[in-house]
Amino acid sequence: MAKNAAEVARGLDAAKVNPHKIVFKSVLTTPEGIRAAVQEANGSSECIGVILWMHTFSPSKMWIVGLQQLQRPILHLHTQYGRDIPWASIDMDYMNLHQSAHGGREFGFMMTKMKIPRKVVVGHWQSDSVHQRIAAWSRAAAAHAEIRGARIARFGDNMRYVAVTDGDKVSAEMTFGYMVNGYGIG
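Before going into details, it helps to say that this report is about the structure given with it. Because the structure is predicted, anything quoted here is derived from the model rather than measured.

1. So, the sheet that holds strand β3 (residues 119-122)
Picture the strands of a sheet paired through backbone hydrogen bonds; they go either parallel or antiparallel.
Okay, step 1: What the three strands build is an open sheet, ordered β1-β2-β3; its pairing is parallel. Edge positions in the sheet fall to β1 (50-52) and β3, since each has one partner strand and no second. This sheet shows a mean twist of 25° between the axes of neighbouring strands, independent of strand direction.
Okay, step 2: Taken together, the three bridges between β1 and strand β2 (residues 74-78) define a ladder with parallel strand orientation.

2. As for a nonpolar patch on the surface
Okay, step 1: Together, M1, F24, V27 and L97 make up a nonpolar patch on the protein surface, roughly 290 Å² of accessible area in all.
Okay, step 2: In this fold, V27 is placed in the loop between α1 (2-14) and α2 (31-43).
Okay, step 3: On the accessibility criterion, V27 (30% relative accessible area) is partly exposed.

3. Quick look at the pattern of salt bridges
Okay, step 1: Applying the stated criterion to the full structure yields three salt bridges.
Okay, step 2: Of the charged contacts in the structure, one is a salt bridge between D13 and K21, with a shortest N-O distance of 3.1 Å.
Okay, step 3: For D13, a relative accessible area of 24% gives the class partly exposed.
Okay, step 4: Close ionic contact of E40 with K25 constitutes a salt bridge, the shortest N to O distance being 2.9 Å. One end of the pair, E40, is in helix α2; the other, K25, is in the loop between α1 and α2, and 15 residues separate them in sequence.
Okay, step 5: A relative accessible area of 45% places E40 in the partly exposed class.
Okay, step 6: Given the relative accessible area of 55%, K25 is considered exposed.

4. Focus: the packing of aromatic side chains
Given two aromatic rings, their pairing is described by the distance between the two centres and the angle made by the two planes.
Okay, step 1: Overall, the coordinates contain two aromatic pairs when judged by the stated rule.
Okay, step 2: A ring pair is formed by W63 and F107, whose centres lie 5.2 Å apart and whose planes are at 70°; its orientation type is edge-to-face. Placement of W63 in the loop between β1 and α3 (64-69) and of F107 in helix α5 (residues 101-113) is noted, with a sequence separation of 44 residues between them.
Okay, step 3: Overall, F107 belongs to the buried group, its relative accessible area being 0%.
Okay, step 4: Each ring, one from Y81 and one from W125, has its centre 6.1 Å from the other, and the planes form 20°; the classification is stacked. Of the two residues, Y81 sits in the loop between β2 and α4 (92-98) while W125 sits in the loop between β3 and α6 (128-147), which places them 44 residues apart along the sequence.
Okay, step 5: For Y81, a relative accessible area of 17% translates into the label buried.
Okay, step 6: Using a relative accessible area of 4% as the deciding quantity, one classes W125 as buried.

5. Looking at the nonpolar core
Okay, step 1: Ranked by size, the top nonpolar core spans 17 residues in total, and within it V8, L12, W53, L75, L77, V121 and I134 carry the most contacts.
Okay, step 2: Within the residue set of this core, elements represented by two or more residues are α1, β2 and α6.
Okay, step 3: Ranked by residue count, the leading element in this core is α6, at five residues.
Okay, step 4: In this structure, I134 is in contact with L12, I22, I51, L75, L77 and V121, ignoring residues within four places of it in sequence.

Basis of the calculations
The residue count restarts for each chain, going from 1 along the sequence in the order it is written. Only residues with pLDDT of at least 70 get local features here, since the model is predicted, and only at 80 or more are side-chain atom pairs given and counted; chain-wide, interface and lining totals rely on the full set of residues. As a rule here, side-chain values cover all heavy atoms of the structure and leave hydrogens and water aside. Note on pairing: two strands pair once DSSP finds at least 2 bridges between them. In DSSP terms, a helix is any run of H or I states spanning at least four residues, a strand is any run of E spanning at least two, and both are numbered starting from the N terminus. Simply put, an axis is a line fit to the C-alpha atoms, just over the touching stretch for a helix, and the angle between two N-to-C directions goes from 0 to 180 degrees. Exposure above 30% relative accessible area and the lack of any salt bridge qualify a residue for a patch; like charges then connect within 9 Å, and the nonpolar side chains Val, Leu, Ile, Met, Phe, Trp and Tyr within 5 Å. The Shrake-Rupley method, run with a 1.4 Å probe sphere, supplies the accessible areas, and residue values consider only the shown protein chains as cover. The term salt bridge refers to a side-chain nitrogen of Lys or Arg lying within 4 Å of a carboxyl oxygen of Asp or Glu. With a 1.4 Å probe rolled over the protein chains alone, any residue whose accessible area is under 20% of its type maximum counts as buried; one over 50% counts as exposed, and the rest are partly exposed. Here a pair means two rings of Phe, Tyr or Trp (six-membered ring of Trp) with centres within 6.5 Å. Their orientation is stacked below 30 degrees between planes, edge-to-face above 60, and tilted elsewhere. Nine residue types can take part in a nonpolar core, namely buried Ala, Val, Leu, Ile, Met, Phe, Trp, Tyr and Cys, and a core is a set of them joined through side-chain atoms within 4.5 Å. Residues count as neighbours in contact if any of their non-hydrogen atoms are within 4.5 Å of one another.

Shown next as structure tokens:
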């Protein structure tokens, strides 16, 4: 699985439309490993988002704590390693190593149950349309990373009702991650 996952990451990184570096980290098989990977992503200024791909039997319950802690945009890639299924010779070993049917659906269910926002891209990882959708997501993730921590000044703001003056600045900071402070004129 690690070999397949690394090849998928290299293939996505090499896509002509890809504007950002895609880095394979590791296959995650325990809640502790997932939490460690999430902490690494959260702590890296180089990480603008995470692309998650599940194998056939990827029990999504092990992702709960990690997903609760993740502070980066998520792309759930619902793909399988091989484009074509070898119907004449398929067996459980092949399914476990190369497919994503059950794991991807279970992971999608878990993230929906947890109400975690994410982009879902469905299709084969070598497909141009998948590359284009991942590139669009990565541009949005980069913009999100760039705006976090920005400082916005509003001149001529009034203080009549404070938190909701000209829009709810408290919610804006909680949602978008940047401060909007008013500076009076005169």
